[in-house]
Amino acid sequence: MRNPEKAEEKLKILFLDQGRQVLPFLKSCHQKGHEVIIVCNTRLSEGYFSRYASRRLLWPSYIKNRQQFEDTLLEYLRNNKIDITISVGDISSEILSANKKIISEYTRIINPDFPVFIQAADKLNLMNYCMQKGFPCPRTYYLDASTISRIDSLLSFPVIVKPTRGVGAVGLHKFNEKSELERHAPSLIDQYGDLIIQEFIPPDGGPQYQAEAFLDEKGKMKVCLIIEKPRYFPVSGGTSTANVTICQPVISNIAQELLEGLNWKGAADIDLIFDPRDGMFKILEINPRVTAGIKIGFAAGIDFADLHLKLAMGEEIPSVEQYKTGIYCRNLFLDLLWYFYSGRQMRKETRPSFYRFFGKDVVYQLFSIDDPMPPMGFFLNMVRKYSKQSSLKAKFHK
């Protein structure tokens, strides 16, 4: 491993993810003069199509062939001088955290130690921690036969069931009655493994929220960007299709107390929902990396790529007290799906307006004038991904 002293020096940086969240990282690092290498499992991806990648590596998928990916990563690091390796996805972040000791012999990474990582990333572990420490969150239980038999004394229907580990809304199901839960639970456990069951928070509280935080080496929160999520797809709850930066000190305080208590470091993305029954913001989960729509943070004036580099190089992380609010960031492909699947009243009431396509504060997760090709990679990847009927059903029928 080379020993450059500062993040301003020309660095060789390896990115392990190909999705849309990597795009502003590639651009920022490229513009600073660094050599940017991106790992992809297919040429049909946003990252592969970006003009800001210095080199593109085709490796096995860490989703389908995790062990092969890990072996390829270690071999590459042993044979190439990489100053910093950065993960912006769930599985890649887990790989770096779980293999932190050996990987750190060859490159710098900022991922937390694995016990800390798994405490936050596993939804059951996190909910148990929150309930024990008094953080606001939905009542949550491990889903098994014993829980189902006692469900009437634990929760009221409807309830939410989802995997303890997962990405986005994959595996999330809502059940309105016990018989329905009893009928479907065994097949869901077979399909997704360990599941949790939670109280359902009524949607009339409005949009959900994200706290996009960054903590220094000592576990002190230096950045907390608050994002409102007015729309998502599937419409009943899923991946956000539109995001807006806001100021919400209550959420910032919750994020700081939670993450510092966990001794987290680096990037963390906390999902929350407002519960109209008691007027509280409640923690849903922690994603152990930046949000997929992190471009909104860059547009708000926070260079998350630079924060990653500074932490990796052992430099002081500057506190960010202010950022631009009102930045409206859209995933246009998913937002169009939201439009076609939402009702007329929902389209009329949504804010910001669906029809607001242009303006100085409007940005798109995938498209940039200076990097126009990633949307093509995204589209081709979606065609490939959802060409199977089973994938379509999983996405469109919640």
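Residues numbered from 1 in each chain as written. Predicted model: local features only at pLDDT ≥ 70, side-chain atom pairs only at ≥ 80, totals over all residues. Heavy atoms only, no water.

Q: I would appreciate a short explanation of the overall build of the protein chain in the present structure.
A: Scanning the protein chain from terminus to terminus reveals 17 helices and 15 strands. Scaling as 2.2 N^0.38, a compact globule of 398 residues should have a C-alpha radius of gyration of about 21 Å, and the protein chain matches this with 21 Å. By its C-alpha atoms, the protein chain is 60 × 45 × 45 Å across when sized along the principal axes. Taken across its 398 residues, the protein chain has 54% of its residues classed as buried. Taking contacts inside the protein chain between residues at least 6 apart in sequence as the whole, the part at least 24 apart equals 65%. Of the charged side chains in the protein chain, 52 are positive and 45 negative; the average position of the first set lies 5 Å away from that of the second. (Helix = DSSP H or I, 4+ residues; strand = E, 2+ residues; numbered from the N terminus. Rg over C-alpha atoms; globule rule 2.2 N^0.38 Å. Buried < 20%, exposed > 50% of the residue type's maximum accessible area, 1.4 Å probe, protein only. Contact = heavy atoms within 4.5 Å. Lys, Arg positive; Asp, Glu negative; His and termini not counted. Charge placed at Lys NZ, Arg CZ, Asp CG, Glu CD.)

Q: Is there a simple way to explain helix α16 (residues 374-385) in this structure?
A: Every α-helical turn comprises 3.6 residues, leaving residues that sit three or four positions apart pointing alike. Spanning 12 residues, α16 covers 16 Å between terminal C-alpha atoms, matching the ideal 16 Å at 1.5 Å per step. For α16, the set of buried residues is P374, G377, F378, N381 and M382. Angular distribution of buried residues about the axis of α16 spans 135 degrees; they occupy a single face of the element. Buried residues along α16 sit against α1 (23-31), α2 (46-49) and α14 (332-341). (Expected span 1.5 Å × (residues − 1). Arc of directions from axis to C-beta.)

Q: Looking at this structure, how should I read the nonpolar core?
A: Across soluble globular proteins, you tend to see nonpolar side chains buried next to one another. Judged by nonpolar contacts, the single largest core of 70 residues is most densely connected at F15, F25, L258, I270, I283, I286 and F304. Counting residues in each nonpolar core, the second largest holds 17 residues, with V39, L57, L73 and I109 among its members. (Core = buried A, V, L, I, M, F, W, Y, C linked by side-chain atoms within 4.5 Å.)

Q: For this particular structure, what's the right way to read unusual backbone geometry?
A: Note: most residues except glycine have negative phi, and most peptide bonds are trans. Cis rather than trans, the peptide bond between F233 and P234 has omega equal to 0 degrees. Looking at the element boundaries, P234 is found in the loop between β10 (221-233) and β11 (239-246). Residue P352 follows R351 across a cis peptide bond; omega there is 0 degrees. As for its position among the elements, P352 is in the loop between α15 (344-349) and β15 (362-364). In this model, N263 sits at a positive phi of 60 degrees, which is unusual for a non-glycine residue. As for its position among the elements, N263 is in the loop between α11 (249-262) and β12 (266-275). Owing to a relative accessible area of 49%, N263 belongs among the partly exposed residues under this scheme.

Q: Before we go on, may I ask you to explain a nonpolar patch on the surface in this structure?
A: The grouping of L332, L336, F340 and Y341 at the surface amounts to a nonpolar patch, some 410 Å² of accessible area in total. Relative to the helices and strands, F340 is located in helix α14. (Patch = residues over 30% accessible without salt bridge, like charges linked within 9 Å, V, L, I, M, F, W, Y side chains within 5 Å. Areas by Shrake-Rupley, 256 points an atom, 1.4 Å probe, with all protein chains shown as cover. Salt bridge = Lys/Arg side-chain N within 4 Å of Asp/Glu carboxyl O.)

Q: Whenever I open this one, the packing of aromatic side chains confuses me. Can you help?
A: For the structure shown, the criterion picks out 19 aromatic pairs. Arranged with centres 5.2 Å apart and planes meeting at 80 degrees, the rings of Y62 and F69 form a pair that is edge-to-face. Taken as a pair, Y62 and F69 share a single burial class, namely buried. Where F354 meets F357, the ring centres are 5.6 Å apart and the plane angle is 80 degrees; that geometry is what we call edge-to-face. Judged by its relative accessible area of 4%, F354 is buried. (Phe/Tyr/Trp six-rings, centres within 6.5 Å; stacked < 30°, edge-to-face > 60°.)

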